[in-house]
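The chain contents come next:
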Amino acid sequence: RKEVEQDPGPFNVPEGATVAFNCTYSNSASQSFFWYRQDCRKEPKLLMSVYSSGNEDGRFTAQLNRASQYISLLIRDSKLSDSATYLCVVERASKIIFGSGTRLSIRP
Amino acid sequence: EPEVTQTPSHQVTQMGQEVILRCVPISNHLYFYWYRQILGQKVEFLVSFYNNEISEKSEIFDDQFSVERPDGSNFTLKIRSTKLEDSAMYFCASRDRGLGANVLTFGAGSRLTVL
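Described below are features of the structure shown in this document. Since the model is a prediction, treat every value here as computed from it, not as a measurement.

**Quick notes on the interface of chain A and chain B**
Residue-level contacts link 19 residues of chain A with 22 residues of chain B. Carbon and sulfur atoms supply 58% of the area that chain A and chain B bury against each other, a total of about 1800 Å² over both sides. Taken together, chain A and chain B are joined by one salt bridge. Across the pair glutamate 91 of chain A and arginine 95 of chain B runs a salt bridge whose closest N-O atoms are separated by 2.7 Å. At the boundary of chain A with chain B, the tally comes to five residue pairs in polar contact (both at pLDDT 80 or more). Going through the elements one at a time, strand 4 (32–38), strand 9 (84–92) and strand 10 (95–98) of chain A are the ones with two or more residues in the side of chain A that touches chain B. Of the residues forming the side of chain A that touches chain B, the biggest block, four residues, is contributed by strand 4 of chain A. By residue class, the composition of the side of chain A that touches chain B is eight nonpolar, six polar and five charged.

Put into structure tokens, the structure is as follows:
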């Protein structure tokens, strides 16, 4: 079983739609959680950290459920510029492990 | 905004040759990482490095790979004898504290093509 699993997509949604991504992790010793965004042939960039209490940054909301070992990302009012691959990232000890990513494509 | 810089941006090499990829992490950062991403695939952890030694490495990071911080600013990844399957984008990353206290900042990557 992969340590971090994501639906690969692609998600193809119209501009303005709300889209949700899910991620599960297998190791209960995982300590920190993040969503990164990667544009085609570019480096990953931090979108937001994920906390148990949930956190919001503008149109983006992240949630963590430690009991279910589940992380989510919600994007509201999606923009064309949100088209990218979204990477679920989990930290355990000295390893920071990336999921394989969910590809999002926003259409006009 | 501080940056992680990587050189070269693209290197083409023959199978069996040695390659050194260089990274200059952000100056006050203490933790350093190498990742690789084969075209169309996921970002894979290779190695983490702290206090001049390897903290953790993946099963990909075999005896062909080594890392070094030779002069307090550069952080290098050496592949001793490249194979075709080493063709990938190699990302260096750094952070200033461990365990989620701060974010990983990535360089733009070095694309390695092995012929």
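**What to know about the sheet that holds strand 3 (residues 19–24) of chain B**
Residues and elements named next belong to chain B. Read from one edge of the open sheet, four strands run 1-3-8-7, paired in antiparallel fashion. Each having just a single partner strand, strand 1 (5–7) and strand 7 (65–68) make up the two edges of the open sheet. Averaged over all pairs of adjacent strands, the angle between strand axes in this sheet comes to 15°, irrespective of strand direction. Taken together, the three bridges between strand 1 and strand 3 define a ladder with antiparallel strand orientation. Opposite threonine 7, over in strand 3, you have arginine 22 as the bridge partner.

**A look at the pairing of strand 11 (residues 102–107) of chain A**
Residues and elements named next belong to chain A. Burial of the side chains of strand 11 is restricted to one face: Thr102, Leu104 and Ile106 are buried, whereas none of Arg103, Ser105 and Arg107 on the reverse face is. Across four bridges, strand 2 (residues 11–14) lies against strand 11 in parallel orientation. Bridge pairing in strand 11 places proline 14 opposite arginine 107. Alignment of strand 9 against strand 11, held across three bridges, turns out to be antiparallel. Each bridged residue has a counterpart across the sheet, and for alanine 84 the counterpart in strand 11 is leucine 104.

**Considerations on the state of the cysteines**
Across all of its chains, the model carries two disulfides over all chains by this definition. Covalently, cysteine 23 of chain A is tied to cysteine 88 of chain A through a disulfide, its sulfur atoms 1.9 Å apart. One disulfide, between cysteine 23 of chain A and cysteine 88 of chain A, carries an S-S torsion of -75° and so falls in the left-handed class. Taken as a pair, cysteine 23 of chain A in strand 3 (residues 19–25) and cysteine 88 of chain A in strand 9 lie far apart in primary sequence, 65 residues in all. Of the two residues examined, cysteine 23 of chain A and cysteine 88 of chain A, each falls in the buried class. In this model, cysteine 23 of chain B is linked to cysteine 92 of chain B through a disulfide, with the two sulfur atoms separated by 2.0 Å. Of note, the bridge from cysteine 23 of chain B to cysteine 92 of chain B carries an S-S torsion of about -65° and is left-handed in sense. Here the residue cysteine 23 of chain B occupies a position in strand 3, and cysteine 92 of chain B occupies one in strand 9 (residues 88–95), the gap between them amounting to 69 residues.

What counts, and where the lines are drawn
- Starting from 1, residues in each chain are numbered consecutively following that chain's sequence as written.
- Here chains are named by letter from A upward and ligands by number from 1 upward, in the order in which they appear as written.
- Predicted model: local features are reported for residues with pLDDT of at least 70 only, side-chain atom pairs are reported and counted for 80 or more only, and whole-chain, interface and lining totals are derived from all residues.
- Hydrogens and waters are ignored; side-chain quantities use all the structure's heavy atoms.
- Here a residue-residue contact requires only that any non-hydrogen atoms of the pair lie within 4.5 Å.
- Once two parts are brought into contact, the accessible area they lose, counted with a 1.4 Å probe and summed over both, makes up the buried area.
- A pairing counts as a salt bridge when a side-chain nitrogen of Lys or Arg comes within 4 Å of a carboxyl oxygen of Asp or Glu.
- Polar contacts, as used here, are pairs of N or O atoms within 3.5 Å; protein pairs need one atom able to donate a hydrogen and one able to accept it. Residues neighboring in sequence count only if both atoms are side-chain atoms.
- Labels follow the DSSP assignment, with helices taken as runs of H or I lasting at least four residues and strands as runs of E lasting at least two, numbered in each case from the N terminus.
- All amino acids are sorted into three groups, where Ala, Val, Leu, Ile, Met, Phe, Trp, Tyr, Cys and Pro are nonpolar, Asp, Glu, Lys and Arg are charged, and the leftover types, Gly among them, are polar.
- Any two strands with at least two DSSP-identified bridges between them are counted as paired.
- To get an axis, a line is fitted to the C-alpha atoms, and for a helix only the part in contact is used. The angle between two axes follows their N-to-C directions and goes from 0 to 180 degrees.
- Only protein chains enter the accessibility calculation, which uses a 1.4 Å probe; a residue whose area is less than 20% of its type maximum is buried, one above 50% is exposed, and one in between is partly exposed.
- Counting rule for disulfides: a pair of cysteine sulfur atoms within 2.5 Å.

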